[in-house]
Amino acid sequence: MAVTITDVARAAGVSTSTVSYALSGKRSISPKTRQRIDDAINALGFIVNAGARALATSQTMVIGLLTQFHADEFAPAMLEYILPVSDTARELGYDILLVTEMDSVAALRRVTSSGMVDGVVLLDVVHDDPRLQTLREASQPGALVGLPKRTEGLDVFDLDFGESARMLVDHLHARGHREIIVVSPPTHVFERGGAYGWRFRDAAQERAARYGLQMHSYYGEARQPEIGRSINAILDARPSATAMIVHNDATIAALPSVLTARGVSVPDDLSVVSLYAQDFGRAFSLPYTAVESSPDQLGRSAVRQLVRRITSPDLAGPAVTRFVAPEITDRGSTR
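Residues numbered from 1 in each chain as written. Predicted model: local features only at pLDDT ≥ 70, side-chain atom pairs only at ≥ 80, totals over all residues. Heavy atoms only, no water.

1. So, the pattern of salt bridges
Once the charged atoms of two side chains with opposite charge are near each other, the side chains can pair.
Piece 1. As enumerated under the stated definition, the model contains 18 salt bridges in all.
Piece 2. A salt bridge links Arg10 to Asp7; the shortest N-O distance between them is 3.3 Å. In this pair, Arg10 and Asp7 both sit in helix H1 (residues 5-12), 3 residues apart, roughly one turn of the helix.
Piece 3. Residue Arg10 is classed as exposed on the basis of its relative accessible area of 59%.
Piece 4. Across the pair Asp279 and Arg282 runs a salt bridge, and its minimum N-O distance is 2.2 Å. Here Asp279 pairs with Arg282, and both are found in helix H13 (residues 278-283), just 3 residues apart, close to one helical turn.
Piece 5. For Asp279, a relative accessible area of 46% puts it in the partly exposed group.
Piece 6. Because the salt bridges share partners, they merge into one network encompassing Glu91, Asp296 and Arg300. (Salt bridge = Lys/Arg side-chain N within 4 Å of Asp/Glu carboxyl O. Helix = DSSP H or I, 4+ residues; strand = E, 2+ residues; numbered from the N terminus. Buried < 20%, exposed > 50% of the residue type's maximum accessible area, 1.4 Å probe, protein only.)

The following block contains the structure:
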């Protein structure tokens with residue numbers, strides 16, 4: 001026989017209405033009482049009927065996560081952002097509806113107008129993002145991971161890419177480097193409006209000019225063997241450069257093997273710094289000094305803010321734009 005809410009209430013020693021409030025979030029429940037209810041739910045194997053819950057509370061307990069997997073995307077880097085969104089949603093009692101349709105505006109309109117979700121997180125945000133007007137018109141709140149040109153009415157979370165670039169240039173300048181190579185994301189990222197690419201590149205160039213450093217900027221590649229050919233061509237063209245800044249996930253993941261094949265030792269022959277998440281670095285055994293890109297912090301912050309707007313819209317306050325302050329980890333890849 002199916003376990004009912006009455007069974008849960010009896011096992012937890014509380015009223016049926018208290019269990020209902022705990023499940024819907026409509027009223028505050030003490031941590032001790034909530035724990036008893038959670039224990040009873042787990043012990044009995046109680047499963048909330050999503051349709052009944054939606055009718056009773058006008059909430060689906062589902063968050064829409066919209067992103068796009070482009071053919072030229074480096075998937076491991078994108079997953080660094082998807083996982084913390086999914087994990088945090090689950091911790092807060094929400095399921096994730098992952099939407100990856102190429103017609104993202106129509107997809108967003110469909111999931112919001114049909115009431116399929118209580119709120120939306122947008123990934124892969126570009127400078128003139130076509131989804132933003134649709135999200136502003138939706139009855140559900142939205143949160144963005146990535147900085148668009150216009151932020152009004154939406155909660156935005158992103159890394160301070162400009163300060164990240166300045167931090168890495170400062171690091172190299174302090175060690176006496178005078179000629180530096182910068183490897184940016186591929187051209188298609190810039191063409192799609194990936195503002196993080198030019199925010200980083202332009203800040204690095206401005207900082208280098210302030211110090212009087214030579215800086216050579218190149219677009220990187222997204223796949224092998226093009227990555228290897230590109231890095232070798234760049235190093236052939238700039239033999240006097242002593243340091244390289246890599247702001248390209250696919251390139252930095254492949255760089256150890258490319259440099260080893262070329263016979264380049266880091267940091268004896270070339271100093272290397274980059275920007276990537278610690279988990280990403282561990283996955284690819286990257287030994288480079290790097291600024292933490294913070295996908296975990298960004299994803300968690302976006303979901304928590306979104307849930308605040310879903311559950312307490314009157315208390316969430318005006319829309320926010322928050323930048324994660326960059327932090328550098330010195331792994332000894334510069335001299």
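Right, picking up where we left off after that structure.
2. Let's talk about the sheet that holds strand E9 (residues 271-275)
Piece 1. Strand order in the open sheet made by the 6 strands is E7-E6-E8-E9-E10-E12, with mixed pairing throughout. In this open sheet, the two edge strands, each paired with only one partner strand, are strand E7 (214-219) and strand E12 (328-329).
Piece 2. Alignment of strand E6 (residues 179-184) against E7, held across 6 bridges, turns out to be parallel. When the bridges of E7 are listed, Val182 appears paired with Ser217.
Piece 3. Of the strands in this sheet, E6, E7 and strand E8 (243-246) are in contact with helix H11 (residues 226-237), which crosses E6 at around 160°. (Pairing = 2+ DSSP bridges. Contact = heavy atoms within 4.5 Å. Axes fitted to C-alpha atoms, helices over the stretch in contact; angles between N-to-C directions.)

3. Thoughts on the nonpolar core
Piece 1. Counting residues in hydrophobic clusters, the biggest one holds 40 residues, and the most contacted among them are Ile63, Val121, Met215 and Ile245.
Piece 2. The element contributing the most residues to this core is helix H14 (residues 295-311), with 6 residues.
Piece 3. Not counting the four nearest positions on each side in its chain, Val121 is found in contact with Ile63, Gly64, Leu65, Leu66, Val85, Ala143, Val145, Val303 and Leu306.
Piece 4. Listed in part, the 26 residues of the second largest apolar core include Ile252, Ala254, Leu270 and Phe280. (Core = buried A, V, L, I, M, F, W, Y, C linked by side-chain atoms within 4.5 Å.)

4. Details of the side chain of Glu80
Piece 1. With respect to the helices and strands, Glu80 occurs in helix H5 (residues 75-91).
Piece 2. Within the buried core, Glu80 has no salt-bridge partner, and the shortest N-O distance to an opposite charge, that of Arg282, equals 8.0 Å. (Lys, Arg positive; Asp, Glu negative; His and termini not counted.)

5. Thoughts on the packing of H1 against helix H3 (residues 31-44)
Piece 1. Where H1 meets H3, the closest approach of the two axes is 8 Å, and the angle between their N-to-C directions is 120°. As the angle between them shows, H1 and H3 are arranged oblique. In this structure, H1 crosses over H3, and the sense of that crossing is right-handed. Counted together, Asp7, Val8, Ala11 and Ala12 of H1 and Arg36, Ile37, Ala40, Ile41 and Leu44 of H3 form the full contact between these two elements. (Parallel < 35°, antiparallel > 145°, perpendicular 65-115°, else oblique. Left-handed = near helix turned anticlockwise from the far one by under 90°.)

6. Section: the environment of Glu80
Piece 1. C-alpha separation for the pair Glu80 and Leu122, spaced 42 residues apart in sequence, amounts to 14 Å.
Piece 2. The contacts of Glu80, once residues within four sequence positions are left out, are Ala277, Asp279, Phe280, Pro295 and Asp296.

7. Thoughts on helix H8 (residues 161-174)
Piece 1. Its 14 residues place the ends of H8 20 Å apart at the C-alpha level, agreeing with the 20 Å of an ideal helix rising 1.5 Å per residue.
Piece 2. Of the positions making up H8, those classed as buried are Phe161, Gly162, Ser164, Ala165, Leu168, Val169, His171 and Leu172.
Piece 3. Capping the start of H8, Asp160 holds a side-chain oxygen 3.4 Å from the backbone nitrogen of Gly162, two or three residues further along.
Piece 4. Of the residues trailing H8, Gly176 is marked for its positive phi of about 90°. (Expected span 1.5 Å × (residues − 1). Polar contact = N/O pair within 3.5 Å; in protein donor to acceptor, adjacent residues only side chain to side chain.)

8. Let's talk about helix H12 (residues 249-262)
Piece 1. Helix length check: H12, at 14 residues, gives a terminal C-alpha distance of 20 Å against a target of 20 Å (1.5 Å per residue), a fit within 8%.
Piece 2. When the local axis directions of H12 are compared, the greatest deviation, roughly 50°, occurs at Leu255, which is followed within four positions by the proline Pro256.
Piece 3. Looking at H12, one finds that the buried residues are Ala250, Thr251, Ile252, Ala253, Ala254, Leu255, Val258 and Leu259.
Piece 4. Summarising the contacts, the buried residues of H12 are in contact with E6, H11, E8, E9 and H13.
Piece 5. Where H12 terminates, the next one or two residues include Gly263, which has phi positive at roughly 80°. (Bend = angle between axes of the 7 residues up to and from the residue.)

Distances and angles like these do not, on their own, reveal function.
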